[in-house]
Amino acid sequence: MIKGRLLVGQMSSVVAPATSANTMGPKEVELILVKEQNGVQFTNSTLVSPAQIHPSEEERETWGKKIDFLLSVIGFAVDLANVWRFPYLCYKNGGGAFLVPYLFFMVIAGMPLFYMELALGQYNREGAAGVWKICPIFKGVGFTVILISLYVGFYYNVIIAWALFYLFSSFTGELPWVHCNNSWNSPNCSELWAVNTTLNHTHKFTPAAEYFERGVLHLQDSEGIDDLGLPRWQLTSCLAVVIVVLYFSLWKGVKTSGKVVWITATMPYVVLTVLLIRGVTLPGAMDGIKAYLSVDFLRLCEPKVWIDAATQICFSLGVGFGVLIAFSSYNKFSNNCYRDAIITSSINSLTSFFSGFVIFSFLGNMSQKHNVALDEVATNGPGLVFIIYPEAIATLPGSSVWAVIFFIMLLTLGIDSAMGGMESVITGLMDEFKCLHKHRELFTLFIVVSTFLVSLICVTNGGIYVFTLLDHYVAGTSILFGVLIEIIGIAWFYGVDRFSDDIQEMIGHRPGLYWRICWKFVSPCFLLFMLGVSFATSNPPGYDTYVFPMWANILGWCLAISSMTMVPLYALYKLCTLPGSFCDKIAYAITPEAEHHLVESGEVRRFTRKHWLVI
């Protein structure tokens, strides 16, 4: 028996238009091919009421153009970590050899998870919490990823504020991090390169390092996380500008954010290309690039290299934040999400690799200029983009121009990623609480202002300690946990077979066996392994020589656990509120809401062996 659906308006020659008042409006006709005899096909047709129309047909805002969606996804996935983390990991872990474990984990976990989230959001057309109507007991993981995105916004926006502060400081004839004659400099400041050198047992610091820590952060006015002080007005002003930009990029939904990313998602590639052209012309640049690409396959025997590659995959693609689900929920139902997943995840990895040439061309020049080993200038994290790279730029002719270009790139890299995180929170909560749809502007204002108020703690004198604590705890282990529960809920409880049917309904063909095996077995095992490694290798955070007190680490773990506990807490709540016996509660909790009528008739497909074994 073959089934097909066509709109009545498109089949007026087959079905006579309805005349009664209660049948007006769009209808669907279900054509059922009963049999075929002597070349004649006998069919039966029935009208489907609007209530039976697939949820995907409900009215929902969509992207203005397909390219708006692609740029938004690319802009979110390609963030500051692509510039300050991947090149360093590649250099530290065997150069070109690092690409072997990186690409391996990309294929078995990165792309399958990326594809899964895009398909999940597009089919169900709701945010990170609403999509779990496919398996209600797992709805807590939706709140987990929403909470993680909110937590990340508390400190990620601060990085953008730092970049904005540097951008304003670059509009000067002489960059302020060149000399030691500024009011914020200490007696230990030295304009000579002095990494790991001592003079009378006193550490020396470069002007760039002192500008970041003393001129921007005012770290000298704080003794630790228990001595934060008041917010610095300069950084507070920059943070306020960032929040205003975010609000006006998001307040009207994807119609506005889809236009903003035309600038924020493309500008980094223009700037990276310009910086690369300039970088390769510098003395020593080729030495830096050779060190970046040098292949040492013996390093592949070290477990740490594989762990670094797996960790980078987990965080670089942006799965587990609910952003991909939120963005794809605004796609047209028939959009080819498979092609989108391949394109955007590939561009993300290529950008990471490409940025390494830019970074190491300048680091190679810096190494030669100061006559020190490349190891002494190669670093990762904020130190690379706010200390090492600005210092390298300061040595160039027309340094102020290059500094402006570089920090514009950082701003655009940060803004679209921050927009993605905010959209995850806004879409996720709006789709869960329908009353908010009529007040998107006010709700968006509430979210961004709340984020701003909490972020103020990160722009105090000791704000870098709070920043470090949040960065270490809120989006590490909890992200791995969230994605693990997510893929178990989809691949096992909802079912790979059913999920594949959903994808076929959207794009016209089922995912291949490879993707189904990855979703069912390979990716969950990978995430379980990474979660175990994360717990086993967890160490308390630190900033330079500062050691966090015990209460700070306990607070950090409380933040991490607060998001993860959403899963068991919501599951418990769901079981308590569902009707019937315990078996009935379980049946309702693990069955898609659209199939609850089957549970009422005693047909619980997830209580059968076939459901769990099919791929």
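Residues numbered from 1 in each chain as written. Predicted model: local features only at pLDDT ≥ 70, side-chain atom pairs only at ≥ 80, totals over all residues. Heavy atoms only, no water.

If you look the protein chain up in an unreviewed UniProt entry, it shows as Transporter from Anguilla anguilla. The record in UniProt for the protein chain states the following under Sequence similarities (unreviewed entry): "Belongs to the sodium:neurotransmitter symporter (SNF) (TC 2.A.22) family. SLC6A3 subfamily." One UniProt comment on the protein chain, placed under Function (unreviewed entry), says "Mediates sodium- and chloride-dependent transport of dopamine. Also mediates sodium- and chloride-dependent transport of norepinephrine (also known as noradrenaline). Regulator of light-dependent retinal hyaloid vessel regression, downstream of OPN5 signaling." (UniProt positions renumbered as here; feature names shortened; annotations may be inferred.)

Colleague: Could you give an account of the overall build of the protein chain, naming the residues involved and the relevant values?
Modeller: For the protein chain, the helix and strand inventory stands at 24 helices and seven strands. Intrachain contacts of the protein chain at a sequence separation of at least 6 include 78% that bridge at least 24 residues. Accessible area for the protein chain stands at about 26200 Å²; split by element, carbon and sulfur atoms hold 65% of it. (Helix = DSSP H or I, 4+ residues; strand = E, 2+ residues; numbered from the N terminus. Contact = heavy atoms within 4.5 Å. Areas by Shrake-Rupley, 256 points an atom, 1.4 Å probe, with all protein chains shown as cover.)

Colleague: Tell me about the environment of His-472, residues and numbers included.
Modeller: Within the element layout of this structure, His-472 appears in helix H17 (residues 463–473). In contact with His-472, not counting residues within four places along its chain, are Asn-539, Pro-540 and Pro-541.

Colleague: Outline the packing of helix H4 (residues 99–124) against helix H13 (residues 337–370), listing residues and values.
Modeller: At a minimum axis separation of 9 Å, H4 and H13 run at an interaxial angle of 140°. The pairing of H4 with H13 is recorded here as oblique in orientation. As H4 packs across H13, the resulting crossing turns out to be right-handed. Here Leu-99, Tyr-102, Met-106, Met-111, Phe-114, Tyr-115, Leu-118, Ala-119 and Gln-122 of H4 lie close against H13, whose contacting residues are Cys-337, Tyr-338, Asp-340, Ala-341, Ile-342, Thr-344, Ser-345, Ser-346, Ser-349, Ser-352 and Phe-353. When its residues are assigned to classes, the contact of H4 with H13 shows 13 nonpolar, six polar and one charged. (Axes fitted to C-alpha atoms, helices over the stretch in contact; angles between N-to-C directions. Parallel < 35°, antiparallel > 145°, perpendicular 65-115°, else oblique. Left-handed = near helix turned anticlockwise from the far one by under 90°. Nonpolar A, V, L, I, M, F, W, Y, C, P; charged D, E, K, R; others polar.)

Colleague: Which residues make up the pattern of salt bridges, and what values go with them?
Modeller: What the rule picks out here adds up to 18 salt bridges. For Lys-92, the salt bridge goes to Asp-308, with nearest N and O atoms at 3.6 Å. Placement of the pair is Lys-92 in helix H3 (residues 86–92) and Asp-308 in helix H11 (residues 303–316), with a sequence separation of 216 residues. The salt bridge involving Glu-603 is made with Arg-605; its shortest N-O contact spans 3.4 Å. (Salt bridge = Lys/Arg side-chain N within 4 Å of Asp/Glu carboxyl O.)

Colleague: Describe unusual backbone geometry, listing the residues and the values that go with them.
Modeller: For Arg-125, which is not glycine, the phi dihedral falls at a positive 55°. Take Arg-125: it is sitting in the loop between H4 and helix H5 (139–169). We note that Asp-544 has phi near 55°; this positive angle belongs to a residue other than glycine. Tracing the sequence through the fold places Asp-544 in the loop between strand E6 (542–543) and strand E7 (546–547). Judged by its relative accessible area of 64%, Asp-544 is exposed. (Buried < 20%, exposed > 50% of the residue type's maximum accessible area, 1.4 Å probe, protein only.)

Colleague: Describe a nonpolar patch on the surface, naming the residues involved and giving the relevant values.
Modeller: A contiguous nonpolar surface patch, about 360 Å² in accessible area, is contributed by Leu-442, Leu-445, Val-449 and Leu-453. Here Leu-453 shows up in helix H16 (residues 440–455). (Patch = residues over 30% accessible without salt bridge, like charges linked within 9 Å, V, L, I, M, F, W, Y side chains within 5 Å.)

Colleague: Which residues make up the environment of Leu-175, and what are the values?
Modeller: Note on placement: Leu-175 falls in the loop between H5 and strand E4 (198–199). Placed 219 residues apart in sequence, Leu-175 and Ala-394 show a C-alpha to C-alpha distance of 6.9 Å. If near-sequence neighbours (up to four positions away) are discounted, Leu-175 is found in contact with Ser-170, Ala-394, Ser-399, Ser-400 and Ala-403.

Colleague: Tell me about the confidence of the model for the protein chain, and name the residues and values.
Modeller: Any residue range with low pLDDT should be treated as having predicted coordinates unsuitable for detailed reading. Counting all residues, the mean pLDDT for the protein chain is 86, and 89% of those residues have values of 70 or more. In the model, residues 1–57 has pLDDT below 50 throughout and makes 66 contacts with residues more than four positions away in sequence or in other chains. Low pLDDT, under 50, characterises residues 195–202; the stretch is placed with seven contacts to residues that sit more than four places away or in other chains. (pLDDT = per-residue confidence, 0-100.)

Colleague: If you had to explain H17 to someone new, which residues and values would you point to?
Modeller: Counting buried positions over the eleven residues of H17 gives nine, a clear majority of the element. For H17, every residue scored as buried is listed here: Gly-463, Ile-464, Tyr-465, Val-466, Phe-467, Thr-468, Leu-469, Leu-470 and Tyr-473. Taken together, the buried residues of H17 touch H5, helix H14 (382–394), helix H18 (477–507), E6, E7 and helix H20 (550–564).

Colleague: Go over a negative patch on the surface, please, and point to the residues and values.
Modeller: On the surface, a cluster of negative charge is contributed by Asp-221, Glu-223, Asp-226 and Asp-227. With respect to the helices, strands and loops of the structure, Asp-227 is situated in the loop between helix H6 (207–216) and helix H7 (233–250). On the basis of relative accessible area, Asp-227 is assigned to the partly exposed category, the value being 30%. (Lys, Arg positive; Asp, Glu negative; His and termini not counted. Charge placed at Lys NZ, Arg CZ, Asp CG, Glu CD.)

Colleague: For the packing of aromatic side chains, give the residues involved together with the corresponding values.
Modeller: In this structure the tally under the stated criterion is 53 aromatic pairs. With a centroid separation of 6.3 Å and an interplanar angle of 75°, the aromatic rings of Phe-76 and Phe-321 are classed as edge-to-face. Taken as a pair, Phe-76 in helix H1 (residues 66–77) and Phe-321 in the loop between H11 and helix H12 (323–328) lie far apart in primary sequence, 245 residues in all. Of the two residues, Phe-76 and Phe-321, both sit in the buried class. Their ring planes at 55° and their centres at 5.5 Å tell us that Tyr-570 and Tyr-573 sit as a pair that is tilted. Of this pair, Tyr-570 and Tyr-573 both sit in helix H21 (residues 566–577), three residues apart, roughly one helical turn. Residue placement shows Lys-252 over the ring face of Trp-251; its charged tip is 4.8 Å from the ring centre. Above the ring of Trp-492, the side-chain terminus of Lys-520 is found at 4.2 Å from the ring centroid. (Phe/Tyr/Trp six-rings, centres within 6.5 Å; stacked < 30°, edge-to-face > 60°. Lys NZ or Arg CZ within 6 Å of the ring centre and 35° of its normal.)

Colleague: Now, about the packing of H5 against helix H15 (residues 399–432): what can you tell me, with residues and values included?
Modeller: Packing of H5 against H15 leaves a shortest axis separation of 8 Å and a crossing angle of 155°. Classified by the angle between their axes, H5 and H15 sit roughly antiparallel to one another. In the crossing of H5 with H15, the sense of the turn from one axis to the other is left-handed. Among the residues forming the contact of H5 with H15, the class breakdown is 20 nonpolar, seven polar and two charged.

Colleague: Any details on the nonpolar core? Residues and values, ideally.
Modeller: Trp-162, Phe-386 and Trp-519 are the most contacted members of the largest nonpolar core, which has 198 residues in total. Among residues more than four places away in sequence, those in contact with Phe-386 are Ile-159, Trp-162, Ala-163, Tyr-166, Ala-208, Phe-212, Phe-407 and Leu-410. (Core = buried A, V, L, I, M, F, W, Y, C linked by side-chain atoms within 4.5 Å.)

Colleague: I'd like a rundown of helix H8 (residues 254–264), residues and numbers included.
Modeller: Where H8 is concerned, the buried positions are Val-254, Thr-256, Ser-257, Gly-258, Val-261 and Thr-264. On its buried side, H8 packs onto H1, H7, helix H9 (267–279) and H15.

Colleague: Can you tell me about the UniProt feature "binding site: Na(+)" (unreviewed entry) in the protein chain, naming the residues and giving the values?
Modeller: Taken from the UniProt record, the annotation "binding site: Na(+)" (unreviewed entry) applies to Gly-75, Ala-77, Val-78, Asn-82, Ser-316, Asn-348, Leu-413, Asp-416 and Ser-417. In three dimensions, the annotated residues from a span of 343 residues occupy one location, with a maximal C-alpha spread of 14.3 Å. Residue Ala-77 is classed as buried on the basis of its relative accessible area, which comes to 3%. The topology assignment puts Asp-416 in helix H15.

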